[in-house]
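# Summary of structural features
Spelled out, the chains give:
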Amino acid sequence: MFWDPENPSGYGNRTGGVFVFTVLNRSSWRFGVRRMAGREAKNEHVSTLNGYRAAWQEAGFEEQGLRGLMWTLLKVTSNSPLVPVFVGIENVLRLHSIAGQSPWLLVALRRTA
C-alpha cells in the first residue's frame, strides 16, 4: 500500500496501534539536486516533513519516532561495496537526526483517534 495524504488513516490501524513506514522527503538536498537538474517528476506524491506531519496529525496519529536515512548518492537497491562505508559515515555524523534535510524518512506513528 502507498501513503495517501488525503486518507492516511485508511489502513485500518486501530487506536493505539503503531504504523511504521518510509517516505521520500521533498525538502531534502537530493530533491533540490533533482529540481536543479530538471528531473522533478510531475506525478510524484512526495511531501515535505512539515506536510507529512500536518497530514498525520490531522488524521489522528502521533509521532513516536523519526529518523533520516539514505544520505548517499547510491540507489536504494545498490549492492555497491561502498554501502557499508556510507552507512558508517551516516552513523558517525549522526545524519539520521537531521530529518528535515534527509532524503528518506523512517516514521513510526501511533493512532490516537
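That block above? That's the structure.
So, here is what we can say about the structure in this document. (Residues numbered from 1 in each chain as written. Predicted model: local features only at pLDDT ≥ 70, side-chain atom pairs only at ≥ 80, totals over all residues. Heavy atoms only, no water.)

### Quick notes on a nonpolar patch on the surface
- On the surface, a cluster of nonpolar side chains totalling about 470 Å² of accessible area is made up of Leu82, Val85, Ile89, Val92 and Leu93.
- Residue position: Val85 is located in helix α3 (residues 83-92). (Patch = residues over 30% accessible without salt bridge, like charges linked within 9 Å, V, L, I, M, F, W, Y side chains within 5 Å. Areas by Shrake-Rupley, 256 points an atom, 1.4 Å probe, with all protein chains shown as cover. Salt bridge = Lys/Arg side-chain N within 4 Å of Asp/Glu carboxyl O. Helix = DSSP H or I, 4+ residues; strand = E, 2+ residues; numbered from the N terminus.)

### Thoughts on the sheet that holds strand β2 (residues 61-69)
- Here we have three strands laid out as an open sheet, ordered β1-β3-β2, and antiparallel in their pairing. What marks the edges here is a single partner per strand, and that holds for β1 (18-24) and β2. Across the sheet, the mean angle from the axis of one strand to that of its neighbour is 20°, orientation sign disregarded.
- Of the pairings in the sheet, the one linking β2 to strand β3 (residues 104-111) comprises eight bridges and is antiparallel in character. Paired with Leu69 across the strands is Trp104, a residue of β3.
- Here helix α2 (residues 49-58) sits on the sheet and contacts β1, β2 and β3; the angle it forms with β2, its principal contact strand, is near 155°. (Pairing = 2+ DSSP bridges. Axes fitted to C-alpha atoms, helices over the stretch in contact; angles between N-to-C directions. Contact = heavy atoms within 4.5 Å.)

### Comments concerning helix α1 (residues 29-36)
- Buried within α1 we find Arg30, Phe31, Gly32 and Arg34.
- Elements in contact with the buried residues of α1: β1 and β3.
- Positive phi shows up at Gly38, right after α1, with a value of about 75°. (Buried < 20%, exposed > 50% of the residue type's maximum accessible area, 1.4 Å probe, protein only.)

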